[in-house]
Amino acid sequence: MMKNRATINRPVVSSRVFDSSSLGVLMTLFHRFAEAGDYDVKVRRADSAGKPAGEAIFRRFRVRTDAKGEDQVNVDLAAAPHIADSECACHDEASYHLRVDGVMGFYVSRGTGRFSVEVVHLGEKAKRTVLDSAKSVPAGDLLAVTLVRPGTYKATNLIATAKTRTSSTIAVGLPKPEYGVRHDTAKALVVTTKPSGVMGESRSALQSGQTLVFAPEADARFRVSLEKDESGEPDRKSGANPAERRRFRYQKPGLKESRKS
Amino acid sequence: MTVAASEKVFETAFQLLRDNIDFQAADSTSSGNFVVGYDVQGHMEGGSIDLRDDNTVRIDELDWKWDRFILSLGIDIPEICVGGGCIPMPWPIPDICLPEICIFDGNPDVSIAPDLSALLAHELSVVGSLVPRFFDASAPLPVPDICAPLRIEDLPTNDQWRLHIDPQQIDLDIFDFSDIVADLFEDLLTSAISAIIPGGWVRDLILAIIGGIADLIRAILDIPDDIGEWLADLFNVSFGLGNLILQFIAEFIGACNPVFAIDDPFEVLAASDDLVPVTVPIRNLTVRVDDDEMVVQADIGAP
């Protein structure tokens with residue numbers, strides 16, 4: 001008699017495209033809160049078709065920074081309960097307390113949801129957006145992508161001004177099994193990008209489960225996509241965008257015609 | 001009064017006792033990432049009786065057989081995660097630490113419960129002396145009455161002299177799990193774990209992270225050497241199932257179920273027509289054995 005209860009966190013093994021504008025499983029955006037004060041953090045979720053996050057706020061909270069807060073807090077966007085804008089307590093108490101220059105890591109532990117994060121510094125005179133991940137990853141922030149599926153990936157800075165070396169090739173291989181030796185996934189590879197968008201590394205290699213960290217010196221939007229799968233064949237499932245993935249669809253007969261008319 | 005019973009008669013009486021032995025037990029224990037338990041039922045077969053002139057009875061070659069020997073093991077597979085680690089930052093900025101993303105939602109549990117009854121056997125021997133015990137039907141039963149679940153028959157409503165085999169020594173083979181059992185156990189566990197791991201490259205990755213299923217099993221169960229030894233230690237030491245069986249037998253034949261019983265007063269003439277039965281009281285009952293027979297002596301009649 002056998003019994004098991006195991007549900008695989010499928011996006012961990014099926015994700016092929018990672019775009020900093022829509023954070024998903026295996027991606028973490030680290031934002032540094034460089035100034036003291038209060039911040040309003042809004043999390044938006046992309047719709048089920050993978051289209052960019054809309055205006056609806058999925059979660060909203062306040063971060064306070066001063067000399068006494070924590071160095072780092074990681075927030076799981078998938079685990080957070082949905083809080084309507086009108087319901088949140090973000091205007092009263094701070095949800096998180098960081099020290100000045102402290103870091104908040106926004107990550108997604110499970111599910112197929114895609115998220116974007118907007119951080120607004122609530123200054124005394126004016127509000128100032130310091131992060132809008134749907135648009136870019138600002139200089140000083142970090143984007144970490146853990147690459148699990150073996151194959152060859154292409155990492156690109158989509159808003160680079162330079163004409164060459166704005167992309168990097170990353171080969172992800174499976175670790176060689178060694179009896180009694182556990183594969184360590186904790187080692188990360190940091191790739192800096194120059195203000196012009198030039199990638200610090202044009203070619204690099206990782207083992208499955210290890211993390212690639214982008215450290216931009218100017219606003220950047222990163223996209224990492226699987227180019228060749230583990231067999232070396234061109235990957236046809238990546239698509240240009242999560243929104244373009246093939247889906248089952250029911251179309252009510254005659255609806256298209258009536259709309260045309 | 002002197003009554004003698006041959007070795008053959010004694011053997012027949014013992015067989016009645018032996019055939020009524022029905023041992024059942026279940027227990028479980030947990031440690032760290034696993035829960036292990038057993039649910040067993042056993043009985044005795046065979047055995048040769050030897051009455052000895054040192055006033056003891058030796059019963060050899062008793063086979064202890066299992067009708068059911070279900071060994072259940074549930075293990076909690078540790079989280080299998082990717083990522084993690086910290087990004088070193090220039091001093092004095094603290095390192096930035098990455099979250100771990102886990103391949104399974106929650107900790108998967110795997111359990112197996114094979115029935116090993118056909119693969120386990122023990123041999124038992126008993127050396128005991130015959131002791132007479134007087135049962136006073138009017139006396140209250142001890143509390144707790146340990147014999148209540150072990151009695152073959154209800155207690156009599158009259159007084160009795162009861163002859164018990166008082167065990168002086170019981171030997172039972174220790175639990176020795178053969179390679180076949182150990183292999184079966186490991187194969188089942190490996191299959192159960194394999195069943196929850198997807199195929200292809202995901203399997204290769206998970207196996208690399210956990211260091212192989214065999215290694216994982218040994219790590220979870222904290223098995224230094226082989227599974228057979230671990231199982232033997234589990235039953236011989238941790239569960240102490242062998243001692244449980246010995247205690248059961250000692251109580252079953254030594255305290256709870258006599259091999260012979262003689263009513264007191266003893267009926268020498270049954271009731272007939274209008275006549276009441278003729279009974280005589282029995283006093284000072286003793287029993288001894290020699291190489292050939294069991295001899296019971298008692299005073300009858302009024303003291």
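Here the residue numbers are simple positions, counted from 1 along each chain's written sequence. All chains are assigned letters beginning with A, and all ligands numbers beginning with 1, in the order in which they are written. Given that the model is predicted, a residue must reach a pLDDT of at least 70 before its local features are reported, and side-chain atom pairs must reach 80 or more before they are shown or counted; all residues, however, enter totals for whole chains, interfaces and linings. Side-chain measures were taken over the full set of non-hydrogen atoms in the model, leaving aside hydrogen atoms and water.

Residues and elements named next belong to chain B. Cysteine sulfur pairs qualify as disulfides if the two atoms are within 2.5 Å. Across all of its chains, the model carries three disulfides over all chains by this definition. Bridging Cys81 to Cys102, the disulfide has an S-S length of 2.0 Å. Handedness of the Cys81-Cys102 disulfide follows from its S-S torsion of about 75°: it is right-handed. Taken together, the residues Cys81 in strand E5 (residues 81-83) and Cys102 in strand E8 (residues 100-102) connect sequence positions 21 residues apart. Side by side, Cys81 and Cys102 carry an identical accessibility label, which is buried. Disulfide pairing places Cys147 opposite Cys256 at an S-S distance of 2.0 Å. Between Cys147 and Cys256, the disulfide has an S-S torsion of -75° and is therefore left-handed. Taken together, the residues span a long stretch of sequence, with Cys147 in the loop between strand E10 (122-135) and strand E11 (160-172) and Cys256 in helix H6 (residues 241-256) at a distance of 109 residues. The secondary structure listing takes helices from DSSP runs of H or I that are at least 4 residues long and strands from runs of E that are at least 2 residues long, numbered from the N terminus. Think of it in three bands: residues with accessible area under 20% of the maximum for their type are buried, residues over 50% are exposed, and the middle band is partly exposed, with areas taken using a 1.4 Å probe on protein chains only.

Here we take up the pairing of E11(B). Two strands qualify as a pair provided DSSP detects at least 2 bridges between them. Bridge count for E10(B) against E11(B) is twelve bridges, and the pairing is antiparallel. Opposite Phe135(B), over in E11(B), you have Gln160(B) as the bridge partner.

Attention now moves to a negative patch on the surface. Residues and elements named next belong to chain B. On the surface, a cluster of negative charge is contributed by Asp179, Asp183, Asp187, Asp226, Glu229 and Asp233. Contributing elements (two or more residues each) for the negative patch: helix H2 (179-196) and helix H5 (227-238). By the secondary structure assignment, Asp226 is in the loop between helix H4 (213-221) and H5. Like-charged residues are merged into a patch within 9 Å and nonpolar side chains (Val, Leu, Ile, Met, Phe, Trp, Tyr) within 5 Å, provided each residue has over 30% relative accessible area and no salt bridge. All accessible areas in this document rest on Shrake-Rupley with a 1.4 Å probe, and a residue is counted as covered only by the protein chains that are shown. Salt bridges are defined by distance alone: a side-chain nitrogen of Lys or Arg within 4 Å of a carboxyl oxygen of Asp or Glu. By the counting rule applied here, Lys and Arg register as positive and Asp and Glu as negative, while His and the ends of each chain are not counted. Where a charge lies is defined by one atom per residue type: Lys uses NZ, Arg uses CZ, Asp uses CG and Glu uses CD.

Turning to unusual backbone geometry, a few remarks are in order. Residue and element names in this part refer to chain B. The omega torsion across Val143 and Pro144 is 0°, close enough to zero to call that bond cis. Along the chain, Pro144 falls in the loop between E10 and E11. Following Asp264, the chain continues to Pro265 via a peptide bond in cis, the omega torsion being 5°. Within the secondary structure layout, Pro265 lies in the loop between strand E12 (260-263) and strand E13 (266-269). Its identity is not glycine, yet Asn55 carries a phi of approximately 70°, on the positive side. Secondary-structure assignment places Asn55 in the loop between strand E3 (34-52) and strand E4 (56-76). By relative accessible area, Asn55 is classed as partly exposed at 31%.

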